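Structural features, examined
Letter by letter, the chains look like this.
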Amino acid sequence: MTDEITKETVPAGTAEEMTDGEMPTPPEEENPQPEETAPENTESAPAEEAPPVDYAALAAEDLLTLKREFPELAALSDLTELENPARYGALRDLGLSAKEAYLATTTPRRMPRGDNRAHLHSAVPKAVQATGDGMSEGELSAARELFFGLGDAELHRLYQKVTK
């Protein structure tokens, strides 16, 4: 049945028409070139200008927002008194909120930490800890036999006097 197919039934650009190294090309009428459109005449339409921006009002609004969010800024009278007002303005121009721009331009003020080592304790019970005077258990037991009337604290004091 494939022998009956002729070139007339095979659409253009198929493998039947290709020779070695050729790529199929679509027929011209299927892919029309987009027509270039002339740009509209902008001179005939009046240009709409944006209303002028009142930057002083925006700055006052930002200052009120910052004073409301951050009580430490209550003494500020102008945004130029911020740590980095130029960077703050640039960030506001990029679309950040007043709070985000302020936080991005100020150095973090950390609260002083308390002693966070309270949960740490010695693994050795206090009763077993060494006395620190250098007297071993053998020496202490020998001193008890020699000075049977003295207590351990008195024996330690005598040992410290003798060894120093």
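To keep things clear, this report deals only with the structure shown in the data block. (Residues numbered from 1 in each chain as written. Predicted model: local features only at pLDDT ≥ 70, side-chain atom pairs only at ≥ 80, totals over all residues. Heavy atoms only, no water.)

Considerations on the layout of surface pockets
What counts, and what does not: Computed over the protein atoms alone on a 1 Å grid, cavities are sets of points where a 1.4 Å probe fits but cannot get out and pockets are open sets with protein on both sides within 12 Å along at least five of seven lines; a residue lines them when it has an atom within 4 Å of a point. Grid points are joined across faces, edges and corners, and a volume is the space filled by probe spheres set on the points. Strands here mean DSSP runs of E at least two residues long; helices mean DSSP runs of H or I at least four residues long; both are numbered from the N terminus. In this classification, Asp, Glu, Lys and Arg are treated as charged, Ala, Val, Leu, Ile, Met, Phe, Trp, Tyr, Cys and Pro as nonpolar, and every other residue, Gly included, as polar.
In this model, the largest pocket occupies a volume close to 280 Å³. Residue lining of the largest pocket: Tyr 55, Leu 58, Ala 59, Asp 62, Leu 79, Thr 80, Pro 85, Tyr 88, Gly 89, Arg 92 and Asp 93, and that is the complete set. Broken down by element, the residue count for the lining of the largest pocket peaks at 5 residues, all from helix 2 (residues 85–93). Its residues placed into classes, the lining of the largest pocket shows 6 nonpolar, 2 polar and 3 charged.

Here we look at the packing of aromatic side chains
Keep this limit in mind: Think of it this way: a Phe, Tyr or Trp ring, Trp meaning its six-membered ring, pairs with another when their centres are within 6.5 Å, and the plane angle makes it stacked under 30 degrees, edge-to-face over 60, tilted otherwise. Residue exposure (1.4 Å probe, protein chains only): buried if accessible area is under 20% of the type maximum, exposed if over 50%, otherwise partly exposed.
Using the criterion set out here, one finds 1 aromatic pair in the structure. Pairing Phe 70 with Tyr 102 gives two aromatic rings, centres 4.6 Å apart and planes at 45°, and the pair type is tilted. One end of the pair, Phe 70, is in the loop between helix 1 (55–69) and helix 2; the other, Tyr 102, is in helix 3 (residues 98–105), and 32 residues separate them in sequence. Among the residues examined, Phe 70 registers a relative accessible area of 11% and is labelled buried. Taking relative accessible area as the criterion, Tyr 102 reaches 4% and is therefore assigned buried.

Some thoughts on the pattern of salt bridges
As a reminder, the rule being used: Salt bridge criterion: a side-chain nitrogen from Lys or Arg within 4 Å of a carboxyl oxygen from Asp or Glu.
Inspection of the entire model under this criterion finds 3 salt bridges. Here Arg 92 and Asp 62 are joined by a salt bridge, their closest N and O atoms 2.9 Å apart. Of this pair, Arg 92 sits in helix 2 while Asp 62 sits in helix 1, and the two are 30 residues apart along the sequence. We classify Arg 92 as partly exposed; its relative accessible area is 28%. With a closest N to O distance of 2.8 Å, Asp 152 and Arg 144 form a salt bridge. Residue class for Arg 144 comes out partly exposed when judged on its relative accessible area of 37%.

So, the packing of helix 4 (residues 137–146) against helix 5 (residues 152–163)
What counts here: Angular values range over 0 to 180 degrees, each being the angle between N-to-C directions of two axes fitted as lines to C-alpha atoms, with helices fitted over their stretch in contact. Convention used here: angles under 35 degrees read as roughly parallel, angles over 145 as roughly antiparallel, angles from 65 to 115 as roughly perpendicular, and any remaining angle as oblique. The contact definition used throughout considers only heavy atoms, calling two residues in contact when any of these lie within 4.5 Å.
In the contact formed by helix 4 and helix 5, the axes pass within 10 Å of each other and the chain directions differ by 105°. Between helix 4 and helix 5, the interaxial angle falls into the category roughly perpendicular. Packed against helix 4, whose contacting residues are Glu 139, Leu 140, Ala 143 and Arg 144, the element helix 5 presents Asp 152, Leu 155, His 156 and Tyr 159 at the interface. Here the contact of helix 4 with helix 5 is composed, by residue class, of 4 nonpolar, 1 polar and 3 charged.

A short note on the nonpolar core
To keep it simple, the criterion reads: Side-chain atoms within 4.5 Å link the members of a nonpolar core, which is a set of buried Ala, Val, Leu, Ile, Met, Phe, Trp, Tyr and Cys residues.
Grouped together as the largest cluster of nonpolar side chains are 12 residues: Leu 63, Leu 66, Phe 70, Leu 73, Leu 76, Leu 79, Leu 82, Tyr 88, Leu 91, Ala 98, Ala 101 and Tyr 102. For this core, the secondary structure elements donating two or more residues are helix 1, helix 2 and helix 3. Per element, the largest residue contribution to this core is 3 residues, and it comes from helix 3. With residues up to four places along the chain from it excluded, the contact list for Leu 79 reads Ala 59, Asp 62, Leu 63, Leu 66, Pro 85 and Tyr 88.

By themselves, these are just geometric observations and shouldn't be taken as functional.
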